[in-house]
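Structural features, examined
If you want the building blocks of each chain, they are given just below.
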Amino acid sequence: MFKWILEQPDSKKLVPKDKIASTYKWHQLGVLLATCIGYIGYYIIRLVFTTEQNDIMKDYHFTTADIGLILSCFGIGYGIAKLFMGALADKCDSNRYLMLGLLLSAILNIFLGSTRNLYLMMFLMFLIAVTQGMGAAACQRMIQLWWGPRMRGTVYSIWSSAHNAGSFICVAVVQLATFLFAGSISAVFYTASVVSFVICILILVLGADRPKVVGLPDISTYTGDKVILGNGKTSTSDSTNLSISQIFIKYILKNKLVWAVTLTSMSLYLVRYGIQSWIPSYLVQNKGFDPAFAKWVIGIFELASVPGVIIIGAISDALKGRRALVSIACVIGVLICLTVYFFTDNHTLIIAALIIMGNLIYAPLTLVGLMINEVVPKFAVGASTGFMGFFQYIFGETLATALIGVLVNKFGWFASNAVLYIASGLAILFLIYTAISENKMRKEAMAKNK
């Protein structure tokens, strides 16, 4: 099994030159479908417990604190797993790695739906978080290996929208299972796993690890794609003999741009969850919203972002990969929307601000996920994804929930507003540094290649 999951050798049977373009397109379509459908499967498993939490509290006699403990096990496990499982993805067949993570998540989810023991559920949720940490790194690595910079922003944005689609489809699966199996909580978990098992098969059928594995030239040869490193040199290789620790130290820990983009992402995560997690409480307590409607606003905030994220990703491609500049414009827009959100009592304006803000927050979050992959060699994409994910979840999400909750309780909602303004400002500063550094490296690379 372990050998099966490792990176596969290049194919000895090469695709004829006259069929390379058409074969590339078919495989790119398959990889896009595999990553999007695959990550939807990951979200179905990830959110089924969250969706069922009210019924679980009622039937299992759990308290809100019990539910919080179980969910916290996922958050901690996922943040840690992103770091280690992301680095491991660089040494594996990305498509098989993606499938295996979902398969293990679905199996563990069956056990989660079969027990009522609090401590066992906490342990299982932690294990699910570890397997969930395999998904994003595999998907992002496949995107880097199959698309050049001219289309990568658009493709990455389309894949990123699977987050939102997965949330919606999870609810649909839960509602269907509830209807078919008379409200059985266990049946809901089993149904989610069965759906994910089917998706595992689709991933294997549709996806592919690297172009060379299927007899195609690598993306650097096919499109001239080059990764510009911090010293102005370029990298085109998609594999290496360096160990995981050597890759991590040389291309992650010693890379200033990786740190800048990671801290940008952490700041944006604080803004995202600082708004999203507190929408119902903030709107009811401060803006006079109906509690039932305030819950739906979260869905509006999520779903409305999909078209804007894809459009903004395409804009970053049209601007020749200047993703930091596009992100700066988005965060400035977020600051304007935050001001409207905080200081108006008009319900229509508040909803409009949230819809626009959903696009402007998720777009730079998507772009920084792409940027972190574009400042390292292709054989370090998984490590860079995991490194950023660790900071996003362990620090960004934690600060947005725990810290803001404490501050609001002690100082009122003004403290929350101040935190979000500061986080947005920090994101802009880190993005300015990134934009300047990227421009400098681009010029150095062009000069060396003349």
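Our subject is the structure listed above.
Residues numbered from 1 in each chain as written. Predicted model: local features only at pLDDT ≥ 70, side-chain atom pairs only at ≥ 80, totals over all residues. Heavy atoms only, no water.

With that settled, consider the side chain of asparagine 417. As for its position among the elements, asparagine 417 is in helix H20 (residues 413-448). Owing to a relative accessible area of 11%, asparagine 417 belongs among the buried residues under this scheme. Not counting chain neighbours up to four residues away, the residues in contact with asparagine 417 comprise Tyr282 and Phe342. (Helix = DSSP H or I, 4+ residues; strand = E, 2+ residues; numbered from the N terminus. Buried < 20%, exposed > 50% of the residue type's maximum accessible area, 1.4 Å probe, protein only. Contact = heavy atoms within 4.5 Å.)

In total, this model carries ten salt bridges according to the counting rule given. Between glutamate 7 and arginine 141 there is a salt bridge, with its nearest N and O atoms 2.9 Å apart. One end of the pair, glutamate 7, is in the loop between helix H1 (2-5) and helix H2 (20-51); the other, arginine 141, is in helix H7 (residues 135-146), and 134 residues separate them in sequence. Given the relative accessible area of 0%, arginine 141 is considered buried. By sharing partners, the salt bridges in this structure join Glu7, Asp10, Asp90, Arg141, Asp209 and Arg210 into a single network. (Salt bridge = Lys/Arg side-chain N within 4 Å of Asp/Glu carboxyl O.)

A few words now on unusual backbone geometry. Phi at histidine 61 takes a positive value of approximately 60°, unusual for a residue other than glycine. Structurally, histidine 61 can be placed in the loop between helix H3 (53-60) and helix H4 (64-89). Judged by relative accessible area, histidine 61 falls into the exposed class, the value being 69%. Even without being a glycine, alanine 182 presents a positive backbone phi close to 55°. The class for alanine 182 is exposed, based on a relative accessible area of 76%.

Now for helix H16 (residues 305-318). With 14 residues, H16 ought to run about 20 Å at 1.5 Å a step, and its terminal C-alpha atoms sit 20 Å apart, in line with that. Among all positions of H16, only Ser305, Gly308, Val309, Ile312, Gly313, Ser316 and Asp317 are buried. Looking one or two residues beyond H16, the residue adopting positive phi is lysine 320, at roughly 60°. (Expected span 1.5 Å × (residues − 1).)

Within the structure shown, the criterion is met by three cavities of 30 Å³ or more. Here the largest cavity is characterised by a volume of approximately 270 Å³. Residue lining of the largest cavity: 23 residues in total, with Ser160, His163, Tyr269, Leu365 and Gln392 positioned closest to the centre. When contributions to the lining of the largest cavity are tallied by element, the ones reaching two or more residues are H2, H4, H7, helix H8 (149-160), helix H9 (162-180), helix H13 (256-276), helix H18 (347-374) and helix H19 (381-411). Across the lining of the largest cavity, the residue classes break down as eleven nonpolar, nine polar and three charged. Every residue along the wall of the second largest cavity is listed here: Gly274, Ile275, Trp278, Tyr282, Tyr341, Phe342, Trp413, Ser416, Asn417 and Leu420. Elements supplying a minimum of two residues to the lining of the second largest cavity: H13, helix H17 (323-343) and H20. Residue contributions to the lining of the second largest cavity peak at four residues, all from H20. Counted by class, the lining of the second largest cavity contains seven nonpolar, three polar and no charged residues. (1 Å grid on protein atoms, 1.4 Å probe; cavity = no way out; pocket = protein on both sides within 12 Å on 5 of 7 lines; lining within 4 Å. Points joined across faces, edges and corners; volume = space filled by probe spheres on them. Nonpolar A, V, L, I, M, F, W, Y, C, P; charged D, E, K, R; others polar.)

With that settled, consider the environment of isoleucine 40. Positionally, isoleucine 40 belongs in helix H2. Once the C-alpha coordinates of isoleucine 40 and threonine 115 are considered, the two residues, 75 residues apart in sequence, prove to be 25 Å apart.

Right, let's get into the packing of aromatic side chains. All told, the structure shown has 21 aromatic pairs when counted by the stated rule. Taking 5.7 Å as the distance between ring centres and 75° as the angle between the ring planes, the aromatic pair formed by tryptophan 259 and phenylalanine 391 counts as edge-to-face. Of the two residues, tryptophan 259 is situated in helix H13 and phenylalanine 391 in helix H19; the sequence distance between them amounts to 132 residues. Every member of this aromatic cluster is reached through a ring pair, and the members are Phe248, Trp259, Phe387, Phe390, Phe391 and Phe395. A cation over a ring is seen here: arginine 46 above tyrosine 43, with NZ or CZ 4.4 Å from the ring centre. Above the face of the tyrosine 269 ring, arginine 272 is positioned so that its terminal group lies 5.2 Å from the ring centre. (Phe/Tyr/Trp six-rings, centres within 6.5 Å; stacked < 30°, edge-to-face > 60°. Lys NZ or Arg CZ within 6 Å of the ring centre and 35° of its normal.)

Right, let's get into a nonpolar patch on the surface. A contiguous nonpolar surface patch, about 470 Å² in accessible area, is contributed by Ile422, Leu426, Leu429, Ile432 and Ile436. Looking at the element boundaries, leucine 429 is found in helix H20. A residue is classified by how much of its surface remains accessible, and leucine 429, at 54% relative accessible area, is exposed. (Patch = residues over 30% accessible without salt bridge, like charges linked within 9 Å, V, L, I, M, F, W, Y side chains within 5 Å. Areas by Shrake-Rupley, 256 points an atom, 1.4 Å probe, with all protein chains shown as cover.)

Let us look at the environment of tyrosine 282. Counting through the fold element by element, tyrosine 282 comes out in helix H14 (residues 279-287). For tyrosine 282 and leucine 338, which are 56 residues apart along the polypeptide, the C-alpha to C-alpha distance reads 13 Å.

When two helices pack together, their arrangement is given by the angle between their axes and by how far apart the axes lie. Put simply, H2 and H4 touch, their axes get as near as 10 Å, and they point 150° apart. It follows from the interaxial angle that H2 and H4 lie roughly antiparallel. Along the contact surface, H2 presents Tyr39, Arg46, Phe49 and Thr50, while H4 presents Ile67, Ile70, Leu71, Phe74 and Tyr78. For the contact of H2 with H4, the residue count by class is seven nonpolar, one polar and one charged. (Axes fitted to C-alpha atoms, helices over the stretch in contact; angles between N-to-C directions. Parallel < 35°, antiparallel > 145°, perpendicular 65-115°, else oblique.)

Packing of helix H5 (residues 94-112) against helix H6 (residues 118-132) leaves a shortest axis separation of 8 Å and a crossing angle of 170°. When the axes of H5 and H6 are compared, the pair comes out roughly antiparallel. Contact residues: H5 offers Gly101, Leu104, Ser105, Leu108, Asn109, Phe111 and Leu112, while H6 offers Met121, Leu124, Met125, Leu127, Ile128, Thr131 and Gln132. For the contact of H5 with H6, the per-class residue count stands at nine nonpolar, five polar and no charged.

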